[in-house]
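# Overview (structure and organization)
The chain contents come next:
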Amino acid sequence: MKNRLIVAGASAIALATIAPGAGAQQAGLDKRVERLEKEMRAVQRTVFPGGSPTFFEGEIAPDNTPGERARANAPVIDLTARVDALEAQLQSLTGQTEQNAFQLRELEKAFAAYKADIDKRLASPDTTATPASLTPAPTATPKPAATATTATSSTATTAPARKPASPDAARLALVKQVEIPASGNEVEDSYNYGYRLWNAKLYPEAQAQLKQVVGKWPSHNLASYAQNLLGRAYLDEGKPSLAAVAFYNNYKDRPNGARAPHSLMYMGIALDKLGRKADACKAFRELDDVYGDKAPQDVRSDAAAAKAKAGC
């Protein structure tokens, strides 16, 4: 009996000793599970905002008040709209640039063909013929000899006929009437002399003088004036092909020159005279696209009249 009491007492002491340890271990597990559940709820709120509470019930419920989410996303929406607008503007500018480049390439191709044709004509012998204004007038056909009834009158003395001046001499006299400037500024004097020859309608002489100005001083500001006036001399002489080439070269080589807008406008007029109305309209459109309101008023007025005439 005594032995049974001793065993029972020992068992009670063992249970008393084990029970507190097991309770402490259970409490620790409960805290860890609770902490894990909190962390999982935090993940749920981050990954699945507004998700179903069936699986994860957030400690703080999401605010579903109308307008709150829109206000939160407003900066992103505004930034997206601005980026879309910038992309649209970039696409528009790119398209316009490509269109202008295409038009310029087409003009360059057309005038390269013109220039090649003109160079070919200038190389042929017939282009070096004397201008019509220098061609001597045909001599009158001699009359038949007088009959016997009028033979007695042939004995009378007659004054010798005055020999007419040769066309070259007459032309040289006209050129000598044009005063050569002598201000001391070689470039200005050379250009002004070409202008005076053009103003006197001595177009071949004016062309030679103006070519000399452009050839000797291609970078001078008067080169734009000289090349443009060279084209006008060709145009006034009735040579629109040469005029179109001269105007195009001035616009291409000196796009910022003082007479570049004028040359582009006159190039359209020359093309219209050649029957190239489509190309003439391209030149007028190029004038509007490149210079617009920056072109002088007289150029814009003349271009408007020329466009109406060409049917652009």
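Here goes a summary of the coordinates provided. Starting from 1, residues in each chain are numbered consecutively following that chain's sequence as written. Local features in this predicted model are restricted to residues whose pLDDT is 70 or higher, and side-chain atom pairs enter the listing and the counts only when it is 80 or higher, whereas totals over whole chains, interfaces and linings include all residues. Calculation of side-chain values draws on the structure's entire complement of heavy atoms; hydrogens and water are dropped beforehand.

### Re the overall build of the protein chain
Stated formally: Strands here mean DSSP runs of E at least two residues long; helices mean DSSP runs of H or I at least four residues long; both are numbered from the N terminus. Partly exposed residues are those whose accessible area sits between 20% and 50% of the maximum for their type, while under 20% is buried and over 50% is exposed, using a 1.4 Å probe and protein chains only. By definition in these notes, contact holds between two residues if any of their heavy atoms fall within 4.5 Å. For the accessible areas, the method is Shrake-Rupley and the probe is 1.4 Å, while residue cover comes only from the protein chains on display.
When its secondary structure is counted, the protein chain shows 10 helices and 0 strands. Counting helices and strands in the order they occur from the N terminus, the protein chain gives α-α-α-α-α-α-α-α-α-α. Counting over 312 residues, the protein chain shows a buried share of 26%. The long-range share in the protein chain, meaning contacts at least 24 apart out of those at least 6 apart in sequence, stands at 54%. For the protein chain, the exposed surface amounts to about 21,700 Å²; the carbon and sulfur share of it is 58%.

### Some words on the nonpolar core
Where we set the bar: For our purposes a nonpolar core is just a set of buried Ala, Val, Leu, Ile, Met, Phe, Trp, Tyr and Cys residues, chained together by side-chain atoms within 4.5 Å.
The biggest cluster of nonpolar side chains holds 47 residues, and the ones touching the most others in it are Phe-111, Leu-197, Met-267, Leu-287 and Tyr-291. With residues near it in sequence (within four places) discarded, Met-267 still touches Phe-111, Ala-244, Phe-247, Tyr-248 and Ala-283.

### Looking at the environment of Arg-232
Assignment of secondary structure puts Arg-232 in helix α6 (residues 221-236). On the accessibility criterion, Arg-232 (25% relative accessible area) is partly exposed. Between the C-alpha atom of Arg-232 and that of Tyr-203, which follows or precedes it by 29 residues, the distance is 9.3 Å. In this structure, Arg-232 is in contact with Trp-198, Phe-247 and Tyr-266, ignoring residues within four places of it in sequence.

### Digging into the packing of aromatic side chains
Put simply, the rule is: Within 6.5 Å between ring centres, the rings of Phe, Tyr and Trp (the latter by its six-membered ring) count as paired, and their orientation is classed by plane angle as stacked under 30 degrees, edge-to-face over 60, tilted in between.
In total, this model carries 4 aromatic pairs according to the counting rule given. Judged by centre distance (5.5 Å) and plane angle (45 degrees), the rings of Tyr-195 and Trp-198 are tilted. Placement of the pair is Tyr-195 and Trp-198 together in helix α4 (residues 186-199), with a separation of 3 residues, close to one helical turn. Centroid distance Phe-247 to Tyr-266: 5.5 Å. Interplanar angle 20 degrees. Geometry classified as stacked. Note that Phe-247 is positioned in helix α7 (residues 240-253) and Tyr-266 in helix α8 (residues 260-273), a separation of 19 residues in sequence. Across this residue pair, the class does not change: Phe-247 and Tyr-266 are buried.

### As for the pattern of salt bridges
To be explicit about the condition: Think of a salt bridge as a Lys or Arg side-chain nitrogen and an Asp or Glu carboxyl oxygen that are within 4 Å of each other.
This structure, assessed with the given rule, holds 7 salt bridges. Residue Glu-205 is joined to Arg-171 by a salt bridge in which the shortest nitrogen-to-oxygen separation is 3.0 Å. Separated by 34 residues along the polypeptide, Glu-205 in helix α5 (residues 203-216) and Arg-171 in helix α3 (residues 167-176) bring together distant segments of the chain. On the basis of relative accessibility, which here comes to 23%, the residue Glu-205 falls in the partly exposed class. The shortest N-O distance in the salt bridge between Asp-279 and Arg-276 comes to 2.6 Å. Accessibility expressed as a relative area gives 10% for Asp-279, which makes it buried.

### Focus on the state of the cysteines
Quick note on the threshold: Any cysteine sulfur atom paired with another within 2.5 Å is treated as part of a disulfide.
Evaluated as defined, the whole model comprises 1 disulfide. The disulfide that involves Cys-281 links it to Cys-312, with 2.0 Å between the sulfurs. In this structure, the disulfide formed by Cys-281 and Cys-312 twists by about -90 degrees around the S-S bond and is classed as left-handed. In this pair, Cys-281 is assigned in helix α9 (residues 277-290) and Cys-312 in the segment after α10 (297-310), connecting sequence segments 31 residues apart. On the basis of relative accessible area, Cys-281 is assigned to the buried category, the value being 12%.

### Points about the environment of Pro-261
With respect to the secondary-structure elements, Pro-261 resides in helix α8. What makes Pro-261 buried here is its relative accessible area of 7%. As for Pro-261 and Gly-292, which are separated by 31 residues in sequence, their C-alpha atoms are 9.5 Å apart. For Pro-261, the contacting residues outside a window of four places in its chain are Leu-287, Tyr-291, Ala-295, Pro-296 and Val-299.

### Description of the environment of Ala-113
For Ala-113, the position within the fold is in helix α2 (residues 68-123). In this structure the C-alpha to C-alpha distance between Ala-113 and Val-245, which are 132 residues apart in sequence, comes to 9.9 Å.

By themselves these figures say nothing about function.
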